[in-house]
Amino acid sequence: MIWLDEDMQSTLASRQRQDQCIEALHAFIKNESFDGDILRGVDPELYQELVMAENLDDARNRINNLIIRRIDHYHSDDCSVDDLERVNALSCLQALRNIISRRNEKRAGCSTLFEVWKIIQSEMEVPYQRRLMLIDFLFLVRGTLGKSGIYSEAAPDLSGHTSQEASRLRSDYLDTIANRCIGRVLTYSTGLDESVIRSREKQRQLILNVLGGDINDWYNYRWHLANILTDADVISQIIELSPMEEESILLAKKLGVQFGISPYYLSLMDPKIGTETDHAVRAQVIPKLDSLRVMAELKKTGSTKFLDFMKEEFTSPISLVTRRYPMIAIFKPYNSCAQFCTYCQRNWEIEAPTDGGRDPESIEAAMRWFEGHRAISEVLVTGGDPLILEDGLLQEMLDRFGGMRHVKHLRLGTRLPVVLPMRFTEHLISILVEANRPPELEISVVTHFEHPYEISPDALKSVQDLRKTGIMVYNQQVFTFENCRRFETVALRLALKQIGVDPYYTFNTKGKEETDHFRVPIARILQERKEEARLIPGLSRTDEPVFNIPGLGKNHLRAWQHHDLIMISPEGERVYEFHPWEKNIALAPTYVYRDVPIARFLQRMSERGEPIEEYESIWYYL
Ligand code: SF4
């Protein structure tokens, strides 16, 4: 269920009043208690088995037998459950089977079954710390009964109609779906909206007045780099800062955490707080207090290994090079950026802009490494942001790669179309055009827009200037709490296509402790893909949702054969076992990951004013 008109809302409200799963979820959100008896209401048979179980192994056997009985039923010829509910029920049974497995308990380091059995046996109120787990378990067992309830609408029944009538009926139904989608997309402003353009022009003038510049300075990227804003007093002359934002900026400075906003990017922020349109833009660059405190604690350990979630230290055969795949490797020639993203994967090593240059010996050694590794046909040049390099150095680097006959493709990873589009000068573009010599060497740009509000006429120009020369521009988005509402990422994809950028990857947020507030459950990224991205044309949803496994590389999230839900932790985190990308090619270790509890995510969404009933099917993305 995605969109609710009034009738649907009242039907849903009455159904929800009788639905114990939703009752438990709402109780949790309101911080109210509930007891284990709620499971009896959802699945009396499973509840009874747990009541009768004498110990954990007995409980395991009983639930196992119940799973077998249910699977047999769904495969029998007297099964009357709707086809799609049956498919979902079988998936839930598979997940339940995983969850009660001894092997998976060992792998996950916890036992959902033990916790649930204890709750049922105690006949007491569910302890606060276990509520998240029990809610997820309740939805799962409800799914095994073929009663997920996610299908409150049916596609029109076309039987008995002439072909033309059927076509019209189906077309009307598709119109309804499209219009709901368009309606939601339009609730997200983009920086191409006329009113936003006008407001930003005023902000631009204010910034120029405060910093003492003119319009020529504005279109000079060096002026922006020389005027990166790091001071809360100056920033607050241009935009209103919340007390929390102000404190964060001061604390970042005190702790030595990289912070800075390019004047251009500052112009994308609304002058006042609380407008609900620029939340993603602010969150991208103004750190959160909690996050800074965690970083400070982690840094105190004297080791960066806690911040290096991707375990790059184990995938760097030589300084400045990272290799996780057979034919592509990463080269990091510059270690700073025009400004710093608050959830940067390399936050443990990115330096201040003036310190970003690498020493020539390391660059030379890395180049020799690439020359000597003829299997590498593609290089992702990233950093930091390699396009901050001076034109001359960039040209040298491109020439050097151009001389390696085995390197066929260079991907330039840069956030400059988003944070400093004026960097794409005629001279820079001429350097890129010269290096772009298909079929010998193809250059493409991979950027990182996070929200439609980041798009602007200047961003459009920078992308179009590249595209006109034949250089493709792709986008890698991180799916975060700031862009995860219904159709928010669809709005981004459509806006990107409008300016000439092709969506490439959508990354699940990493389990980096210091960026916890950005994290969204994997189930939500899968739900977005199926229920939102699927509605728009194929050329606008070219991105692939991925989970980046530390030390191993990308796992394609929508491929069920690439991960298993193996447990729900006592704290309500789904525990996944991810398979390495080289599965079926070589034996390699799997990776166990604890996700964000779904009920906690929905609680945060509710606090933000989101109607959480619109996310109801999230539990069934396993
Ligand atoms: S542009 Fe990339 S490297 Fe630089 S701070 Fe952002 S995420 Fe990190």
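Use the structure listed above.
Read on for an overview of the structure.

Conventions adopted
Residues numbered from 1 in each chain as written. Predicted model: local features only at pLDDT ≥ 70, side-chain atom pairs only at ≥ 80, totals over all residues. Heavy atoms only, no water. Axes fitted to C-alpha atoms, helices over the stretch in contact; angles between N-to-C directions. Helix = DSSP H or I, 4+ residues; strand = E, 2+ residues; numbered from the N terminus. Parallel < 35°, antiparallel > 145°, perpendicular 65-115°, else oblique. Left-handed = near helix turned anticlockwise from the far one by under 90°. Contact = heavy atoms within 4.5 Å. Nonpolar A, V, L, I, M, F, W, Y, C, P; charged D, E, K, R; others polar. Salt bridge = Lys/Arg side-chain N within 4 Å of Asp/Glu carboxyl O. Buried < 20%, exposed > 50% of the residue type's maximum accessible area, 1.4 Å probe, protein only. Phe/Tyr/Trp six-rings, centres within 6.5 Å; stacked < 30°, edge-to-face > 60°. Lys NZ or Arg CZ within 6 Å of the ring centre and 35° of its normal. Near = heavy atom within 4 Å. Expected span 1.5 Å × (residues − 1). Polar contact = N/O pair within 3.5 Å; in protein donor to acceptor, adjacent residues only side chain to side chain. Pairing = 2+ DSSP bridges.

1. Digging into the packing of helix 4 (residues 44-52) against helix 5 (residues 56-74)
Move 1: Taken N-terminus to C-terminus, the directions of helix 4 and helix 5 make an angle of 155°; their axes are 8 Å apart at the nearest point. Overall, the two elements helix 4 and helix 5 adopt an arrangement that is roughly antiparallel. Between helix 4 and helix 5 lies a crossing whose hand is right-handed. On helix 5, the residues that touch Glu-45, Leu-46, Glu-49, Leu-50 and Met-52 of helix 4 are Asp-58, Ala-59, Arg-62, Ile-63, Leu-66, Arg-69 and Arg-70.
Move 2: Partitioned by chemical class, the residues of the contact of helix 4 with helix 5 number six nonpolar, no polar and six charged.

2. Section: the pattern of salt bridges
Any two side chains of opposite charge can pair, given that their charged atoms come close.
Move 1: Taken as a whole, this structure holds 47 salt bridges when the rule is applied.
Move 2: Residue Glu-45 is joined to Arg-69 by a salt bridge in which the shortest nitrogen-to-oxygen separation is 3.0 Å. Of this pair, Glu-45 sits in helix 4 while Arg-69 sits in helix 5, placing them 24 residues apart in sequence.
Move 3: Judged by its relative accessible area of 38%, Glu-45 falls in the partly exposed class.
Move 4: Accessibility expressed as a relative area gives 39% for Arg-69, which makes it partly exposed.

3. Here we look at the packing of aromatic side chains
Two descriptors summarise a pair of aromatic rings, namely the distance from one centre to the other and the angle between the planes of the rings.
Move 1: All told, the structure shown has 19 aromatic pairs when counted by the stated rule.
Move 2: Between Trp-369 and Phe-370 the ring centres are 5.2 Å apart and the planes differ by 90°, which places this aromatic pair in the edge-to-face class. Across the pair, exposure class does not vary: Trp-369 and Phe-370 are buried alike.
Move 3: An angle of 50° between the planes, with centres 5.9 Å apart, marks the rings of Tyr-474 and Tyr-504 as tilted. Taken as a pair, Tyr-474 in strand 6 (residues 472-479) and Tyr-504 in strand 7 (residues 502-508) lie far apart in primary sequence, 30 residues in all.
Move 4: The side chain of Arg-423 reaches across the aromatic face of Tyr-221, ending 4.4 Å from its centre.
Move 5: Over the aromatic face of Phe-481 sits the side chain of Arg-604, whose NZ or CZ is 3.8 Å from the ring centroid.

4. Quick notes on the site of the ligand
Move 1: Taken together, Cys-337, Phe-340, Cys-341, Cys-344, Ile-350, Gly-384 and Arg-415 make up all the residues around the ligand.
Move 2: Partitioning the shell around the ligand into residue classes produces five nonpolar, one polar and one charged.

5. Observations regarding helix 5
Because each turn of an α-helix spans 3.6 residues, side chains separated by three or four positions in sequence point in the same direction.
Move 1: Between its first and last C-alpha atoms helix 5 spans 27 Å; for 19 residues at 1.5 Å apiece the expected length is 27 Å, and the two agree.
Move 2: For helix 5, the secondary structure elements touched by its buried residues are helix 4, helix 6 (83-99), helix 7 (102-108), helix 8 (112-122) and helix 9 (128-144).
Move 3: Two or three places before Asp-57, at the start of helix 5, stands the capping residue Asn-55, its side-chain oxygen 3.2 Å from that residue's backbone nitrogen.

6. Digging into the sheet that holds strand 2 (residues 328-334)
Move 1: Spatially, nine strands are ordered 1-2-3-4-5-6-7-8-9 in an open sheet, and the strand pairing comes out mixed. Each having just a single partner strand, strand 1 (321-322) and strand 9 (553-556) make up the two edges of the open sheet.
Move 2: In the sheet, strand 5 (residues 442-447) pairs with strand 6 via four bridges, with the strands oriented parallel. The residue of strand 6 that forms the bridge with Val-445 is Val-473.
Move 3: Seen against the sheet, helix 20 (residues 391-402) touches strand 2, strand 3 (378-383), strand 4 (409-413) and strand 5 and runs at an angle of roughly 155° to strand 2.

7. Remarks on unusual backbone geometry
Move 1: With omega at 5°, the peptide bond leading from Pro-438 into Pro-439 counts as cis.
Move 2: Mapped onto the elements, Pro-439 comes out in the loop between helix 22 (426-435) and strand 5.
Move 3: The phi dihedral of Asn-31 is positive, around 65°, even though this residue is not glycine.
Move 4: Along the chain, Asn-31 turns up in the loop between helix 2 (20-29) and helix 3 (38-42).
Move 5: A positive phi angle, close to 75°, is found at Asn-584, a residue other than glycine.

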